[in-house]
Amino acid sequence: MAGNFWQSSHSQQWILDKQDLLRERQHDLLALSEDEYQKVFIFFANVIQVLGEQLKLRQQVIATATVYF
């Protein structure tokens with residue numbers, strides 16, 4: 001583990017700036033508008049939440065699943 005977060009592998013590989021996100025989302029945005037894209041994310045976050053509650057999972061597990069989605 002690095003003593004400085006900004007020099008850590010987590011920071012270097014997984015913290016994306018806005019330009020990186022836009023570049024990665026370009027393929028999705030060809031089929032959907034920005035508004036529709038956000039609605040899809042919200043819909044599936046709600047699906048994960050409901051499914052997790054039905055399976056009686058802890059909120060931390062549900063939150064982790066939502067973040068990784």
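Coordinates for the structure precede this section.
Residues numbered from 1 in each chain as written. Predicted model: local features only at pLDDT ≥ 70, side-chain atom pairs only at ≥ 80, totals over all residues. Heavy atoms only, no water.

Novice: An account of the overall build of the protein chain is requested, with residue identities and associated values reported.
Specialist: Check the secondary structure of the protein chain and you find 4 helices and 0 strands. Of the regular secondary structure in the protein chain, the N- to C-terminal order runs α-α-α-α. Its C-alpha atoms give the protein chain a radius of gyration of 16 Å, more than 25% over the compact-globule value 11 Å for 69 residues. Reported as C-alpha extents along the three principal axes, the dimensions of the protein chain are approximately 40 × 35 × 15 Å. Within the protein chain, buried positions represent 10% of all 69 residues. Carbon and sulfur atoms make up 60% of the accessible area of the protein chain, which amounts to about 6300 Å² in all. (Helix = DSSP H or I, 4+ residues; strand = E, 2+ residues; numbered from the N terminus. Rg over C-alpha atoms; globule rule 2.2 N^0.38 Å. Buried < 20%, exposed > 50% of the residue type's maximum accessible area, 1.4 Å probe, protein only. Areas by Shrake-Rupley, 256 points an atom, 1.4 Å probe, with all protein chains shown as cover.)

Novice: Kindly report on the side chain of S8, identifying the contributing residues and their values.
Specialist: One can find S8 in the segment before α1 (9-14). For S8, the side chain forms a polar contact with the main-chain oxygen of F5, separated by 2.6 Å. Polar contacts involving the side chain of S8 include one to the main-chain amide nitrogen of S11, which spans 3.2 Å. (Polar contact = N/O pair within 3.5 Å; in protein donor to acceptor, adjacent residues only side chain to side chain.)

Novice: Quick rundown of the packing of helix α2 (residues 18-31) against helix α3 (residues 34-54)? Include the residues and the values.
Specialist: Between α2 and α3, the shortest axis-to-axis distance is 9 Å and the interhelical angle comes to 105 degrees. If you check the angle between α2 and α3, you find them roughly perpendicular. Between α2 and α3, the contacting residues are R25, D28, L29 and A31 on the first element and E34, E36, Y37 and Q38 on the second. Partitioning the contact of α2 with α3 into residue classes produces 3 nonpolar, 1 polar and 4 charged. (Axes fitted to C-alpha atoms, helices over the stretch in contact; angles between N-to-C directions. Parallel < 35°, antiparallel > 145°, perpendicular 65-115°, else oblique. Contact = heavy atoms within 4.5 Å. Nonpolar A, V, L, I, M, F, W, Y, C, P; charged D, E, K, R; others polar.)

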